[in-house]
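Coordinate inspection notes
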Amino acid sequence: MNFLRGVMGGQSAGPQHTEAETIQKLCDRVASSTLLDDRRNAVRALKSLSKKYRLEVGIQAMEHLIHVLQTDCSDSEIIGYALDTLYNIISNDEEEEVEENSTRQNEDLGSQFTEIFIKQQENVTLLLSLLEEFDFHVRWPGVKLLTSLLKQLGPQVQQIILVSPMGVSRLMDLLADSREVIRNDGVLLLQALTRSNGAIQKIVAFENAFERLLDIITEEGNSDGGIVVEDCLILLQNLLKNNNSNQNFFKEGSYIQRMKPWFEVGDENSGWSAQKVTNLHLMLQLVRVLVSPNNPPGATSSCQKAMFQCGLLQQLCTILMATGVPADILTETINTVSEVIRGCQVNQDYFASVNAPSNPPRPAIVVLLMSMVNERQPFVLRCAVLYCFQCFLYKNQKGQGEIVATLLPSTIDATGNSVSAGQLLCGGLFSTDSLSNWCAAVALAHALQENATQKEQLLRVQLATSIGNPPVSLLQQCTNILSQGSKIQTRVGLLMLLCTWLSNCPIAVTHFLHNSANVPFLTGQIAENLGEEEQLVQGLCALLLGISIYFNDNSLESYMKDKLKQLIEKRIGKENFIEKLGFISKHELYSRASQKPQPNFPSPEYMIFDHEFTKLVKELEGVITKAIYKSSEEDKKEEEVKKTLEQFDSIVTHYKNMIQEQDLQLEELKQQISTLKCQNEQLQTAVTQQVSQIQQHKDQYNLLKIQLGKENQHQGSHSDGAQMNGIQPEEIGRLREEIEELKSNQELLQSQLAEKDSLIENLKSSQPSPGTNEQSSATDSARESEQIAELKQELATLKSQLNSQSVEITKLQTEKQELLQKTEALTQSVPVPGESETVVATRTTDVEGRLSALLQETKELKNEIKALSEERTAIKEQLDSSNSTIAILQNEKNKLEVDITDSKKEQDDLLVLLADQDQKIFSLKNKLKELGHPVEEEDELESGDQDDEDDEDEDDGKEQGHI
């Protein structure tokens, strides 16, 4: 602020003293007045003075105006006046119109006032909050003020807005404003906001900016719209240029498809206004932003494919071949088509199929090449056509082969009715226009780029120079023109073509060296001391000679590698040769051409280097320098290494092919697996549907059976016609009940068998183990005998039940036979005489229907009887297995009984021995008494012996009970 006061004080032609006092009084009123009307009138007066007395109003009133924005935000009128006043102070628009010759200090007033305003970041935040106000008198001046701030100090204001909560989102709401003035100024504001700030660009894009901007462009009439469309397109370029994230979002959001209507320009008589040309130019540039060679290859490729799929490329080709298109639009369309097809095989194939609407139709490539070699065409148009041809051949070996094929003798049209691309290139290569020579040479070099096959094919091209002379090869003709001393541009173009042709192609090197005049010409050019203009030609000649050495296969004895090196050392000198070779990369136009693939030159004189050729120079300059200084032994070692590497490469290539084949087989197998899975799922769904249908049919069948039974009962109560030749419905019901009983009996038998099986398993598990005492074994054997008896009884019961069941099954079979006989008799029955034919037919139909029902039921009975017989067989097998188990248990029981008998015998023997022993003891005691020997505790011993005897007697009794 002090600086601005100093600036004002130093001005010789300042405002009148009375005006300064007036501004001071108005500022005092704004600061001190308590009435809102007084403050509003004072701010309005400051607004009227701010354009003419910008400096003084800015110095004295800015703080007061900011204070008004903070305190009087409820009154939209005073806020609008304050915003307008700040805009007049900060903006340079009026100053540029009125005072074009003002001093630099006055020109910097806008940036200085902006710096003062944004020094307090709260001021910008306050301004963003005011933009939420819907009132026109607040929002519109607020938008203009923020736009002016961004124009003055864009990066600083962008950073403040970026860190403000919801700062960018508030500004995005301006695009949805129904008032076109605010919406259009909002677009300008976003232009300034998104300039060179990737973070804000991403936020704006994800706030649905693409959708809103495209809607505005559509509403305004696409390319026929006004300046609003232009502003929207500039904003879209800001969002997409050099922003891979937004480009990917734009593609994935299917917004590329919405660009196609932009290029539907209508008929040629509709007119091309200046605004329409500007809009269409920006639209084409927007397409180029998405497919720029500077973008990541994957993103560019996906955008190119999307443009072909949605028809955008086809629409561009329509403009390309249309008539009445302005030159600058046509040039930009050619550049756009070039980058849409560059490196994309599908798009390149489509472009090759495009024909111009002529009679007869000609390929678009031929029509474009005619413009390129025509010196009357504009320079920028010829550069665009060359770029288009380069992009068509970029990584397109198929297209390269088609171009070279038009030069071969077998494909040239003998009638001369049509002109091919190859003929146009040869015509331009040897014309008198140096620019056509250069363009044709570069175009032909791109047809050979990284394609050894086409380099060899081009060696077959023969040219007829004049009548009566034999034809010469294209390679020889190029060297002939070089030796004739043509213009520098022509010679540079031919040398670039020859260098591209001979690199990585030993056969072409051999053909070149076969002409004995070529090497002396090159060495003579390199050895001479020429001016600065010729230094570039000398460098290119050195490069061509170096390529002839590096890619030489030593097939010509007179021009082997060693001999050429010796020639260079004698005639030129190695250091001099390397110095001349370095002239290429040191040229001022070399670095310009190496930056971008597009040949963009201000004038024809600057058209010297091609972008792809600069890559070749960068690749070969170092290896040629090494090759010149290498000895013959090192060359031999290098050749051996090369051969070894080639062998390894062949092996690697073989394995790569095998891996590719295996990958293909894996893919096929995966596809087969997926197909089989789909078929399996389909079959499973079909089976599920069939199962559900079968269940529905079963339910319908049961329902029909019930209905048929009811009808039979109803008819049986009124007449005897339902008996059907003696067959009663009650018999069918009885048979069904019997079948149900048989089923229940079968289930009962199965449950009983299961119980017996479990019982047998328990018996097996409870078998006595060896070493048990005799008492427990006797008890178990008694229990087993009881269980065996019960099993025998149950087996007898089961056999009787099986017999009764077999009798019932036999009875059912006989009843079935009777039913069959009755149905056969029913079919052979004769109608009763005296009835009418109608009644007979009705009864016959009724009888046939019932007969079919009976046959169906009979069939079901057969199935049920068959099932019962199978179940009976299974039950018999189970009984047999039970009998065998019982027999095994019986054998084990017999063994146990034998063991028990043996143990009883042993016990009896022991008892006898004990009794004998007791008798002997008793007799011995008596003898001792008789002899007078005292026997102590005789009573106790006797009582103890008695107890022992009693215990033994009790044990014997128990054992006998168990036995």
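Residues numbered from 1 in each chain as written. Predicted model: local features only at pLDDT ≥ 70, side-chain atom pairs only at ≥ 80, totals over all residues. Heavy atoms only, no water.

The protein chain is annotated in an unreviewed UniProt entry as General vesicular transport factor p115 of Camelus ferus. One UniProt comment on the protein chain, placed under Function (unreviewed entry), says "General vesicular transport factor required for intercisternal transport in the Golgi stack; it is required for transcytotic fusion and/or subsequent binding of the vesicles to the target membrane. May well act as a vesicular anchor by interacting with the target membrane and holding the vesicular and target membranes in proximity." Entered under Sequence similarities (unreviewed entry) in the UniProt record, the comment concerning the protein chain runs "Belongs to the VDP/USO1/EDE1 family." (UniProt positions renumbered as here; feature names shortened; annotations may be inferred.)

Things to note about the pattern of salt bridges
Using the criterion set out here, one finds 19 salt bridges in the structure. Across the pair Asp224 and Lys276 runs a salt bridge, and its minimum N-O distance is 3.4 Å. Note that Asp224 is positioned in the loop between α15 (209-220) and α16 (227-240) and Lys276 in helix α18 (residues 274-290), a separation of 52 residues in sequence. Given a relative accessible area of 57%, Asp224 falls into the exposed group. Classification of Lys276 by relative accessible area gives buried; the value is 4%. For Glu534, the salt bridge identified is with Arg491, shortest N-O distance 2.9 Å. Taken together, the positions of Glu534 in helix α33 (residues 532-550) and Arg491 in helix α30 (residues 488-502) put the pair 43 residues apart, joining distant regions of the chain. Arg491 gets classed as buried once you look at its relative accessible area, which sits at 9%. (Salt bridge = Lys/Arg side-chain N within 4 Å of Asp/Glu carboxyl O. Helix = DSSP H or I, 4+ residues; strand = E, 2+ residues; numbered from the N terminus. Buried < 20%, exposed > 50% of the residue type's maximum accessible area, 1.4 Å probe, protein only.)

Considerations on the environment of Gln595
Among the structural elements, Gln595 can be located in the loop between α37 (588-593) and α38 (611-629). For Gln595, a relative accessible area of 58% corresponds to the exposed category. Separated by 16 residues in the primary sequence, Gln595 and His611 place their C-alpha atoms 7.5 Å from one another.

Observations regarding helix α14 (residues 198-206)
When we look at burial in α14, the residues that qualify are Ile200, Gln201, Val204 and Ala205. Taken down its axis, α14 places every buried residue within 135° of arc, on the same side. On its buried face, α14 sits against α11 (154-163), α12 (167-172), α13 (180-194), α15, α16 and α17 (244-252). A side-chain oxygen of the first residue of α14 lies 3.3 Å from the backbone nitrogen of Ala199; this N-cap is Asn197. (Arc of directions from axis to C-beta. Contact = heavy atoms within 4.5 Å. Polar contact = N/O pair within 3.5 Å; in protein donor to acceptor, adjacent residues only side chain to side chain.)

Some words on the packing of α18 against helix α21 (residues 327-341)
Between two packed helices, the angle of one axis relative to the other and the distance separating the axes together describe the packing. It is at 9 Å that the axes of α18 and α21 come closest, and there the two elements cross at 15°. One finds that α18 runs roughly parallel with respect to α21. In this structure, the crossing between α18 and α21 has a hand that is left-handed. Judged by residue contacts, Val277, Leu280, His281, Leu284, Gln285, Val287 and Arg288 of α18 engage Asp328, Ile329, Glu332, Thr333, Asn335, Thr336, Glu339 and Val340 from α21. Partitioning the contact of α18 with α21 into residue classes produces six nonpolar, five polar and four charged. (Axes fitted to C-alpha atoms, helices over the stretch in contact; angles between N-to-C directions. Parallel < 35°, antiparallel > 145°, perpendicular 65-115°, else oblique. Left-handed = near helix turned anticlockwise from the far one by under 90°. Nonpolar A, V, L, I, M, F, W, Y, C, P; charged D, E, K, R; others polar.)

Details of unusual backbone geometry
Look at the link from Asn359 to Pro360: it is a cis peptide, with omega at -5°. Along the polypeptide, Pro360 turns up in the loop between β1 (355-356) and β2 (362-363). If you check the backbone angles, Asn242 has positive phi at about 55° while not being a glycine.

Considering the packing of α16 against α18
Running from N to C, α16 and α18 cross one another at 15°; their axes reach a closest spacing of 9 Å. Here α18 runs roughly parallel to α16, going by the angle between their axes. Two packed elements cross with a definite hand, and for α16 against α18 that hand is left-handed. For the pair α16 and α18, the contacting residues are Ile227, Val229, Glu230, Leu233, Ile234, Leu236, Gln237 and Leu240 in the first and Gln275, Thr278, Asn279, Leu282, Met283, Gln285, Leu286, Val289 and Leu290 in the second.

Describing a nonpolar patch on the surface
Taken together, the side chains of Val641, Leu645, Phe648, Ile651, Tyr655, Met658 and Ile659 present a nonpolar region at the surface, about 660 Å² in accessible area. Position of Tyr655 relative to the elements: it lies in helix α39 (residues 632-718). (Patch = residues over 30% accessible without salt bridge, like charges linked within 9 Å, V, L, I, M, F, W, Y side chains within 5 Å. Areas by Shrake-Rupley, 256 points an atom, 1.4 Å probe, with all protein chains shown as cover.)

Regarding the packing of aromatic side chains
Counting across every chain of the model gives 11 aromatic pairs. Taking the centre distance of 5.5 Å and the plane angle of 40° together, the rings of Phe250 and Tyr255 count as tilted. On the basis of relative accessible area, Phe250 is assigned to the buried category, the value being 0%. Taken together, a centroid distance of 4.9 Å and an interplanar angle of 90° make the contact between Tyr550 and Phe551 edge-to-face. Assigned by exposure class, Tyr550 and Phe551 land together as buried. Cluster of aromatic residues (ring-pair linked, three or more members): Phe206, Phe210, Phe249, Phe250 and Tyr255. Taking the ring centre of Phe134 as reference, the NZ or CZ of Arg179 above it sits at 3.9 Å. When the ring centre of Trp272 is taken as reference, the NZ or CZ atom of Lys276 above it lies at 4.8 Å. (Phe/Tyr/Trp six-rings, centres within 6.5 Å; stacked < 30°, edge-to-face > 60°. Lys NZ or Arg CZ within 6 Å of the ring centre and 35° of its normal.)

A look at α11
Here α11 has its buried residues at Gly154, Val157, Gln158, Ile160 and Ile161. The buried residues of α11 occupy an angular sector of 165° when projected down its axis, which confines them to one face. Turned more than 90 degrees away from the buried face of α11 sit Pro155 and Val163, all of them exposed. In the core, the buried residues of α11 are packed alongside α8 (109-119), α9 (121-130), α10 (136-152), α12, α13 and α14.

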